[in-house]
Amino acid sequence: MKAIAIDAYGPADLLTVRDLSDPPVGPDTVLVRVRAAGVNPVDWKVREGHLSGAIPGHFPLVPGWDAAGVVEAVGPAVTGFAVGDEVVGYVRRDHVQYGTYAELVPAPERTLAGKPVQASWAEAAGLPLAGLTAYQALQSARTGAGDTVLVHGASGGVGHLAVQIARALGADRVIGTAGAGNHDFVRSLGAEPVTYGAGLVDRVRAVAPDGVDVVLDLFGGDALDASAELITRPARLISTADPEHVTRLGGSYLFVKPSTVDLGVLAGLVDAGRLTVHVQRTFPLAQAADAQRLVEAGHIRGKVVLEV
């Protein structure tokens, strides 16, 4: 198969197209022919070795955890999928080697769900990691009717999905932080935009004088401190960025988990017209380095996706 692989941790220049042996198919593994692969900030962090102490890597290492594609083969213990099924997956294991920047990826059955019918391949590939992060965080905070939700980074990959998911879960209001150039986009998602940065507490108080019920923080630092001033119950403050800081503030840290059930819920929301994955840009597989550089630079509106 053709794949993007690295032989050592380092800069984006190390990402090159390689001919590699087809990956193994274990008893509970689904071999997926990838049509598109989502590019996430964690991908460049894996490439640079920042996660190697927690999630070991084996070389040659194919990055990527998000995929949309067609089932090519199934292991003998697989019961939920068959050859020819269209699927999406957050294909994260406890080590990194056989990632999704490839023509074929071996996906544990627990990481997959059926592809949303109403999504393109690129949109479907942008859904798993970001959508699961948003959904699991909002579920952890017990988001529901009557809530005012604050989403930091509301125009980004996780944030733009979190705004829509919060509304689907019944939240009365969603306030989203974003740069001024993304305010119209945030409004189109169903949120009230406020500019991030110094003075955030006052700007949120101007539109929500009584504070907010739920916060999804994706950045840590000052955003967390501001959130602690705004939230009515600290236990409903969820951060994906800073476990020690959010715990000190009385909230919770979330590290997204693969889940067939949760991914199926998200696919259902897409097919019901209640959740849209915005893809800012697609790249061919061979330009994975350029895609990672774009994501690493930040300020992405929605998702960046590789077409395989």
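Residues numbered from 1 in each chain as written. Predicted model: local features only at pLDDT ≥ 70, side-chain atom pairs only at ≥ 80, totals over all residues. Heavy atoms only, no water.

## Section: the packing of helix α6 (residues 200-207) against helix α7 (residues 222-230)
Okay, step 1: Packing of α6 against α7 leaves a shortest axis separation of 9 Å and a crossing angle of 35 degrees. In this structure, α6 meets α7 at a crossing whose hand is right-handed. Residues L200, V201, V204 and R205 of α6 form the contact with α7, whose participating residues are A226, E229 and L230.
Okay, step 2: Residue composition of the contact of α6 with α7, by class: 5 nonpolar, no polar and 2 charged. (Axes fitted to C-alpha atoms, helices over the stretch in contact; angles between N-to-C directions. Helix = DSSP H or I, 4+ residues; strand = E, 2+ residues; numbered from the N terminus. Left-handed = near helix turned anticlockwise from the far one by under 90°. Contact = heavy atoms within 4.5 Å. Nonpolar A, V, L, I, M, F, W, Y, C, P; charged D, E, K, R; others polar.)

## Brief notes about the pairing of strand β16 (residues 279-284)
Okay, step 1: Alignment of β16 against strand β17 (residues 303-307), held across 5 bridges, turns out to be parallel. The partner of R281 across the bridge, within β17, is V304.
Okay, step 2: Once you follow β16 into helix α10 (residues 288-297) and on to β17, the crossover reads as right-handed. (Pairing = 2+ DSSP bridges. Right-handed = clockwise from strand over helix to strand, strands pointing away.)

## Observations concerning the sheet that holds strand β15 (residues 252-253)
Okay, step 1: Here we have 6 strands laid out as an open sheet, ordered β12-β11-β10-β13-β14-β15, and parallel in their pairing. Lying at the two open borders of the sheet, with one neighbouring strand each, are β12 (192-194) and β15.
Okay, step 2: Relative to strand β14 (residues 237-239), strand β13 (residues 214-217) runs parallel, the two being bridged by 3 bridges. Bridging across to β14, D217 finds its partner in S239.
Okay, step 3: Strand contacts of helix α4 (residues 157-168): β10 (148-151), β11 (173-177) and β13, with the helix running at about 170 degrees to β10, the strand carrying the most contacts.

## Regarding the side chain of S155
Okay, step 1: Position of S155 among the secondary structure elements: in the loop between β10 and α4.
Okay, step 2: Beyond its immediate sequence surroundings of up to four residues, S155 is in contact with H160, T177, A178, N182, F185, V186, I300, R301 and G302.

## Looking at helix α9 (residues 260-271)
Okay, step 1: With 12 residues, α9 should reach 16 Å at 1.5 Å per residue; the first-to-last C-alpha distance of 16 Å fits that figure.
Okay, step 2: Within the sequence span of α9, burial applies to D262, L263, L266, A267, L269 and V270. Burial along α9 is one-sided: seen end-on, the buried residues are contained in an arc of 155 degrees.
Okay, step 3: Considering only its buried residues, α9 is in contact with β6 (86-90), β9 (112-114), α3 (128-140) and α4. (Expected span 1.5 Å × (residues − 1). Buried < 20%, exposed > 50% of the residue type's maximum accessible area, 1.4 Å probe, protein only. Arc of directions from axis to C-beta.)

None of the figures reported here should be taken as evidence of function without further support.
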